[in-house]
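Survey of secondary and tertiary structure
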2 protein chains.
Amino acid sequence: MRNKIYIVGIGPGREEMMTGEAIRALEDADVIIGYTVYVKLLGERFAQKEMLTTPMRQETERCRLCFEEAAKGKRVALICSGDAGIYGLASLMYEMGKDYPETELEVVAGITAASSGAAVLGAPLNHDFCVISLSDLLTPWEKIERRLIAAAEGDFAIAIYNPSSRKRKDYLMKACDILLRVIEEKRPCGYVENIGREGTRAETCTLKELREAQVNMFTTVFVGNSGSEIINGKLITKRGYQIEQSTDFCGNN
Amino acid sequence: MRNKIYIVGIGPGREEMMTGEAIRALEDADVIIGYTVYVKLLGERFAQKEMLTTPMRQETERCRLCFEEAAKGKRVALICSGDAGIYGLASLMYEMGKDYPETELEVVAGITAASSGAAVLGAPLNHDFCVISLSDLLTPWEKIERRLIAAAEGDFAIAIYNPSSRKRKDYLMKACDILLRVIEEKRPCGYVENIGREGTRAETCTLKELREAQVNMFTTVFVGNSGSEIINGKLITKRGYQIEQSTDFCGNN
C-alpha cells in the first residue's frame, strides 16, 4: 500500500463549515499537521489525534514534515484554512511530491473565503469573477497590478484576499487606486472580517470608501461588477434574470 | 418572528461534500425547493421532508415559490448545486426579496465546481484565478469574449463553467480560439466531468488539445497560468515557493 497524505481544506475553521469528506479525512489520519493557529481551530473531535505544527512562513518545512511522517507509515492530514487548492499548500505538496513517488496525495476541497464571505455579504460573486491576493511576498507587485487592471477591464466581480498585513498596511488603498483608473468611484463594494469565526463583521461601501477602509489579514474584500447593487444592505451581483417573465436556462442554477 | 429562507449550496450533490451547516439548514427546513435533478441528489436523510421542484429554465418561478411557501409560515430551504452564490440563485432571491420585506434570507455556502474540480485535477487554481461561464443565455457573448481576453491578459488561471450544452456545442472551441490570441498553444489545461458524482473523469491536455476536447454541461474546464505545469498527471499552478530554502509567509496557507 502506498503512503497517503490528505491535503484538507478546513474552511474558516468551525467544524460546521467543513465538509463530511474533510472530517472523514481527519478522522482517518494518524497525524494532523498544520500551521499552529489552524490546528487549534479544530474541535474536541480530533483532540486524541497526534498533532504536529509549524509556525507561519515555514511552508516548505511543513510540507516536508508531511512526507517524512507518511514515510513512517502514518496516514497524514495536512490542514489548510479555506480551500487547500486556493492560496493553500496543495500545489507545493505536488511540487515536492516529485521526490516522494511512493506517496499518494489527495486534495479534499473546502469552503474558501470567496464563498463564505460572499454568503455573509449577500451575493457579490454571482456572475463571472476574479480572485486576487494582494500579498507580494511570493508574487511581484507589478503582476498583482496587472491582474487588478485586467479584472477591472473585464468587468469581473472581484474577491481580494490578503488585503493588508502589518507590513503592508496601505496595500488595499494602492489596489483601490489602481481599480479607480478603470472603475467609477461609486461602484458597490464590501468586506467581511473574521468570516465564520467569532466577531464576524460585514460592511458595504463604495469603491472610493473602500480605499479608506480599515482591514486586516482576516478581512476578505469584494468589488462588484458594473451591474452590482446594494439591496437592503447586501452586495448583489446580478445574474441577468428578467424577474417578471419566464426566463431562460442558466446552466448552473 | 420573520419568515425564513435558507439559500443552500449543496456542492456536487453527495451529502459527504456538503457542509454541516448546509445539512443543518435542510434539517431545519419544513420544505425543500429546487430544480428536480438536484432535489433527487439529496439522500435518504431528507426523504421525510416536503419537497417541491420546478423544471430547468423556471428560476424566477422557483424563487417565487420559495417566498410563497415562506409566507405560509414554513421554513424554506432553496437548494442550488455547488455554491448558491456562484452562478446560483442567491442574487435573484435578494432581487426578488425587495417585494417580501417580511422574509429573511440566509445564504449557506457550498463547494463550487472550481474547488471540487480543482481538487480532482491537482491544484490548477493555486494562484490568482478567474471563473467564467460560457453560457450566453443571460450574458451577451461579447461580454464573455471580453472577459476571456482580460483573463488571458492578466495571466490568471481560469475555471470555465458551462463549457457546452446541446445548443452550444462549439462554445469551448470558440473560447479556446479567443484565449489562443494571447496564450501559447502548449499552455497546460485540464477538465473534469461529473465532479463528486458517479463517473468522475479528469483529463489534462494543452490549450490546443482543449480546443478539440469532448465536454458537456457536466464538465468544468481549467486553464493554467504561465507558470502552470503538469506534474505526475496533475495540473499544478504554483504559488511561488522556493522549495529548497526557508520561505516567506504566504498569508493564506
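Described in the following lines is the structure provided in the data block. Given the structure is predicted, the values throughout are model-derived calculations rather than measurements. The numbering scheme is per chain: residues are counted from 1 as the chain's sequence reads. Following the order in which they are written, the chains are lettered starting with A and the ligands numbered starting with 1. Confidence filtering applies because this is a predicted model: local features only for residues at pLDDT of at least 70, side-chain atom pairs given and counted only at 80 or more, and all residues used for totals across whole chains, interfaces and linings. For side-chain calculations, the full set of non-hydrogen atoms in the structure is used, while hydrogens and water are omitted.

**Some words on the overall build of chain A**
Strands are runs of DSSP state E lasting at least two residues, helices are runs of H or I lasting at least four, and both sets are numbered from the N terminus onward. When its secondary structure is counted, chain A shows eight helices and 13 strands. Radius of gyration here is computed from C-alpha atoms only, and the compact-globule reference equals 2.2 Å multiplied by the residue count raised to the power 0.38. In terms of C-alpha radius of gyration, chain A reaches 20 Å, essentially the compact-globule figure of 18 Å for 253 residues. The principal-axis extents of the C-alpha atoms in chain A amount to approximately 60 × 45 × 35 Å. Residues counted as buried form 62% of the 253 residues belonging to chain A. With the model as given, the accessible surface of chain A reaches about 9400 Å², and the carbon-plus-sulfur share is 47%. Throughout this description, buried means an accessible area under 20% of the type-specific maximum (1.4 Å probe, protein chains only), exposed means over 50%, and partly exposed covers the range between. Calculation of accessible area relied on Shrake-Rupley with a 1.4 Å probe; when residues are assessed, cover is drawn exclusively from the protein chains displayed.

**Here we look at the pairing of strand β9 (residues 188-193) of chain A**
Put simply, side chains in a regular strand alternate between the two faces of the sheet. Residue and element names in this part refer to chain A. With six of six residues buried, β9 is to be regarded as a mostly interior element. Alternating residues of β9 divide into Pro-188, Gly-190 and Val-192 and Cys-189, Tyr-191 and Glu-193, and every residue in both groups is buried. The sheet contact formed by β9 and strand β11 (residues 219-223) spans five bridges and is antiparallel. What sits directly across from Cys-189, in β11, is Val-223. A pair of strands is labelled paired if DSSP reports no fewer than 2 bridges between them.

**A closer look at the interface of chain A and chain B**
Each partner contributes residues to the interface: chain A has 91 residues there, and chain B has 91 residues. We define buried area as the total accessible area lost by two parts upon association, computed with a 1.4 Å probe and summed across both. Where chain A abuts chain B, roughly 8500 Å² becomes buried across the two surfaces, and 52% of that area is made up of carbon and sulfur atoms. For this document, the term salt bridge refers to a Lys or Arg side-chain nitrogen within 4 Å of an Asp or Glu carboxyl oxygen. Between chain A and chain B we count twelve salt bridges in total. A salt bridge links Asp155(A) to Lys143(B); the nearest nitrogen and oxygen atoms lie 2.7 Å apart. Definition of a polar contact: a pair of N or O atoms within 3.5 Å, with one able to donate and the other able to accept a hydrogen when the atoms are protein atoms, and with sequence-neighbouring residues admitted only if both atoms are side-chain atoms. In this assembly, chain A and chain B are joined by 37 residue pairs in polar contact (both at pLDDT 80 or more). It is helix α6 (residues 141-153) of chain A that contributes the most residues to the side of chain A that touches chain B, seven residues altogether. A per-class count over the side of chain A that touches chain B returns 38 nonpolar, 29 polar and 24 charged. Bridging between strand β7 (residues 129-133) of chain A and strand β7 (residues 129-133) of chain B involves three bridges; their strand directions are antiparallel. For Val131(A), the partnering residue across the bridge sits in β7(B) and is Phe129(B). Should any heavy atoms of two residues lie within 4.5 Å, those residues are considered in contact. Residue type decides the class: Asp, Glu, Lys and Arg count as charged, Ala, Val, Leu, Ile, Met, Phe, Trp, Tyr, Cys and Pro as nonpolar, and the leftover types, Gly among them, as polar.

**So, the nonpolar core**
Grouped together as the largest cluster of nonpolar side chains are 59 residues, with contacts concentrated most on Ile5(A), Ile7(A), Met93(A), Ile5(B), Ile7(B) and Met93(B). Setting aside its immediate chain neighbours within four residues, Met93(B) contacts Ile5(B), Ile7(B), Cys63(B), Cys66(B), Phe67(B), Leu78(B) and Leu105(B). Definition used in this section: a nonpolar core is a set of buried Ala, Val, Leu, Ile, Met, Phe, Trp, Tyr and Cys residues joined via side-chain atoms within 4.5 Å. Within the second largest apolar cluster, 56 residues are counted, among which are Ala150(A), Ile183(B), Cys189(B) and Val221(B).

**Quick notes on the pattern of salt bridges**
Using the criterion set out here, one finds 44 salt bridges over all chains in the structure. The shortest N-O distance in the salt bridge between Arg14(A) and Glu21(B) comes to 3.5 Å. One end of the pair, Arg14(A), is in the loop between β1 (3-9) and α1 (20-28); the other, Glu21(B), is in helix α1 (residues 20-28), on a second chain. By relative accessible area, which is 13% here, Glu21(B) ends up buried. Among the salt bridges present, the one from Arg181(A) reaches Glu145(A), with a minimum N-O distance of 3.3 Å. Of this pair, Arg181(A) sits in the loop between α7 (171-179) and β9 while Glu145(A) sits in helix α6, placing them 36 residues apart in sequence. You can call Glu145(A) partly exposed: its relative accessible area is 23%. One salt-bridge network, held together by shared partners, links Arg14(A), Glu16(A), Glu21(B) and Arg24(B).

**Section: the packing of helix α6 (residues 141-153) of chain B against helix α7 (residues 171-179) of chain B**
Residues and elements named next belong to chain B. Packing of α6 against α7 leaves a shortest axis separation of 9 Å and a crossing angle of 45 degrees. Judged by the inter-axis angle, α6 sits oblique to α7. When the axes of α6 and α7 are compared, the crossing they make is right-handed. Note on element contacts: α7 touches α6 through Tyr-171, Lys-174, Ala-175, Ile-178 and Leu-179, opposite Trp-141, Glu-145, Leu-148, Ile-149 and Ala-152. Angles shown run from 0 to 180 degrees and are taken between the N-to-C directions of axes, each axis being a line fitted to C-alpha atoms and, for helices, limited to the stretch in contact. Should an angle lie under 35 degrees it is considered roughly parallel, over 145 roughly antiparallel, and from 65 to 115 roughly perpendicular; all remaining angles are considered oblique. Definitions for this section: a left-handed crossing has its near helix turned counterclockwise from the far helix by less than a right angle. A right-handed crossing has that turn clockwise.

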